[in-house]
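# Working through the structure, step by step
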Amino acid sequence: VIFEGVYALHPDIRISLDFWIAVVGGVHSHLLSRVQRDKSRLGCFISQNEIMMTVFPMFQHYIEPHLVHAHLKIRNDFDPVLSPESSLFVLKSNKKVAYQDILAILDRAKFCSSVQKFIDIYIRLPGIPSNGQLTESDCIRVRICEGRFALLIREPIREGNFIIQPKVDFDIGISTVAGLLNLGYQAVTYIEASAFIYQDGKILIEVDHLQDVPGPYIQIKGVNKDAVAAAGSMLQLDGSYTTKSYLEIILERLPTIERTSGGINSQQSARLQEIVEFIQSQGCSSASESSASRGVSPIEGAIEEMQSRIRRLERWLAINTVLWTFLMSALVGFSLYQRRRQ
């Protein structure tokens, strides 16, 4: 039986398990380095430990102390930005394509479709030097989709018509997003959209409808570059590709004044503020509930763990006493039986 979860090594749980495994590193390490880089660009040097205390208080106080007890530690040094072997090849176009044409190039036997509505929030530290225009590289993008939060690490490589980007997104808690806001990051803009996704296991075709943008954009994604190019040719998209991000596309449609001030008008600004307030309120309530449910100091936790071990030793001692009693009784009885026979 494999028991998995962020609290799997909590003392109340691991006492019932035989082998403890911890996986450390990954997206949190990448996010920490990103926050450190932003702080250093402002001339404000902050240690990784200080960031952990602010950005990941739940992780540091309620999860990390338990990882040291693992019998086996697996360090995840995977960097989604610097791992081209795990990337997707993407072609993007704003040319209209009929549903029947998309269906025709996908494998009917493995075809599946879905619809997603999402909001991408771009947060950045104010005061970071830039060229006077908001760019995606200056921001951390957080996606809200179906009540879940994900960190989208997007530092793609552009190669001709192709956008080469990581194929992995990382789920994060709302407390992490609230922690970034408390650290000084500000939500500067957002994109609200709906995506119609069609795939057959080899190719994924996504039709995105962006709010306040006329006409949809189509994206063809896959790990095989030739297969993606062939699908684009079959849909007659050659010559219509763009490698611009959605943020660039939206900002280019705005007047210069709005573009430099964050790229949103007053109505959008009110909506963005509403989203931010929701994140902060939910993040604070999540932290307070976890603190109330697990408000145990390290000393109390150590005492409880020692008491638990003592109880286990007492049980084993009782069992061993009973077993030795039966064994000695059997030996005495057998020796008496042998003497009586003699």
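Residues numbered from 1 in each chain as written. Predicted model: local features only at pLDDT ≥ 70, side-chain atom pairs only at ≥ 80, totals over all residues. Heavy atoms only, no water.

### Focus: the pattern of salt bridges
- Inspection of every chain in the model, using the stated rule, returns nine salt bridges.
- A salt bridge links R141 to D120, with the shortest nitrogen-to-oxygen separation between them at 2.8 Å. Remark: D120 occurs in strand β4 (residues 112-124) and R141 occurs in strand β5 (residues 140-145); sequence separation between them is 21 residues. Taken individually, R141 and D120 each receive the classification buried, so the pair is uniform in this respect. (Salt bridge = Lys/Arg side-chain N within 4 Å of Asp/Glu carboxyl O. Helix = DSSP H or I, 4+ residues; strand = E, 2+ residues; numbered from the N terminus. Buried < 20%, exposed > 50% of the residue type's maximum accessible area, 1.4 Å probe, protein only.)

### Structural notes on the sheet that holds strand β8 (residues 162-166)
- Taking strand neighbours across the sheet as the criterion, the ten strands line up as β7-β8-β3-β12-β11-β10-β4-β5-β6-β9 in an open arrangement whose pairing is antiparallel. The open sheet has two free edges, formed respectively by β7 (157-159) and β9 (170-172), since each of these has just one partner strand. In this sheet, neighbouring strand axes are inclined to one another by 35° on average, regardless of whether the strands run parallel or antiparallel.
- Alignment of β4 against β5, held across six bridges, turns out to be antiparallel. Residue pairing for β5: Y122 is matched across the bridge by R141.
- On the sheet, helix α7 (residues 174-183) packs against β4, β5, β6 (148-152), β9 and β10 (186-199) and is oriented at approximately 75° with respect to β9.
- Strand contacts of helix α8 (residues 225-234): β3 (87-93), β7, β8 and β12 (217-222), with the helix running at about 150° to β12, the strand carrying the most contacts. (Pairing = 2+ DSSP bridges. Axes fitted to C-alpha atoms, helices over the stretch in contact; angles between N-to-C directions. Contact = heavy atoms within 4.5 Å.)

### Topic: the confidence of the model for the protein chain
- Averaged over every residue, the pLDDT of the protein chain is 81; the share at 70 or more is 80%.
- This model gives residues 293-297 a pLDDT under 50, and the stretch forms seven contacts once residues within four places in sequence are excluded. (pLDDT = per-residue confidence, 0-100.)

### Comments concerning the UniProt feature "transmembrane region" (unreviewed entry) in the protein chain
- UniProt records the feature "transmembrane region" (unreviewed entry) at residues 316-337, using the numbering of this structure.
- Along residues 316-337 one finds 100% helix and 0% strand; the C-alpha atoms at either end are 31 Å apart. (UniProt positions renumbered as here; feature names shortened; annotations may be inferred.)

### Details of α8
- When α8 is considered as a whole, its buried residues turn out to be V228, A231 and G232. All buried residues of α8 fall inside an arc of 100° around its axis, so they share one side. Looking at α8, the residues exposed on the side facing more than 90 degrees away from the buried face are D226 and M234.
- Where α8 is buried, its residues touch β3, α6 (99-105), β8 and β12.
- For α8, the capping residue at the N-terminal end is N224, with a side-chain oxygen 3.0 Å from the backbone nitrogen of D226.
- Looking at the residues trailing α8, positive phi occurs at Q236, about 60°. (Arc of directions from axis to C-beta. Polar contact = N/O pair within 3.5 Å; in protein donor to acceptor, adjacent residues only side chain to side chain.)

### Examining the side chain of D200
- The topology assignment puts D200 in the loop between β10 and β11 (204-210).
- It turns out D200 is buried and unbridged, and the closest side chain with the opposite charge, K202, is 7.1 Å from it.
- There is a polar contact of 3.0 Å between the side chain of D200 and the backbone nitrogen of D107.
- Among the polar contacts listed, one links the side chain of D200 to the backbone nitrogen of I203, at a separation of 2.9 Å. (Lys, Arg positive; Asp, Glu negative; His and termini not counted.)

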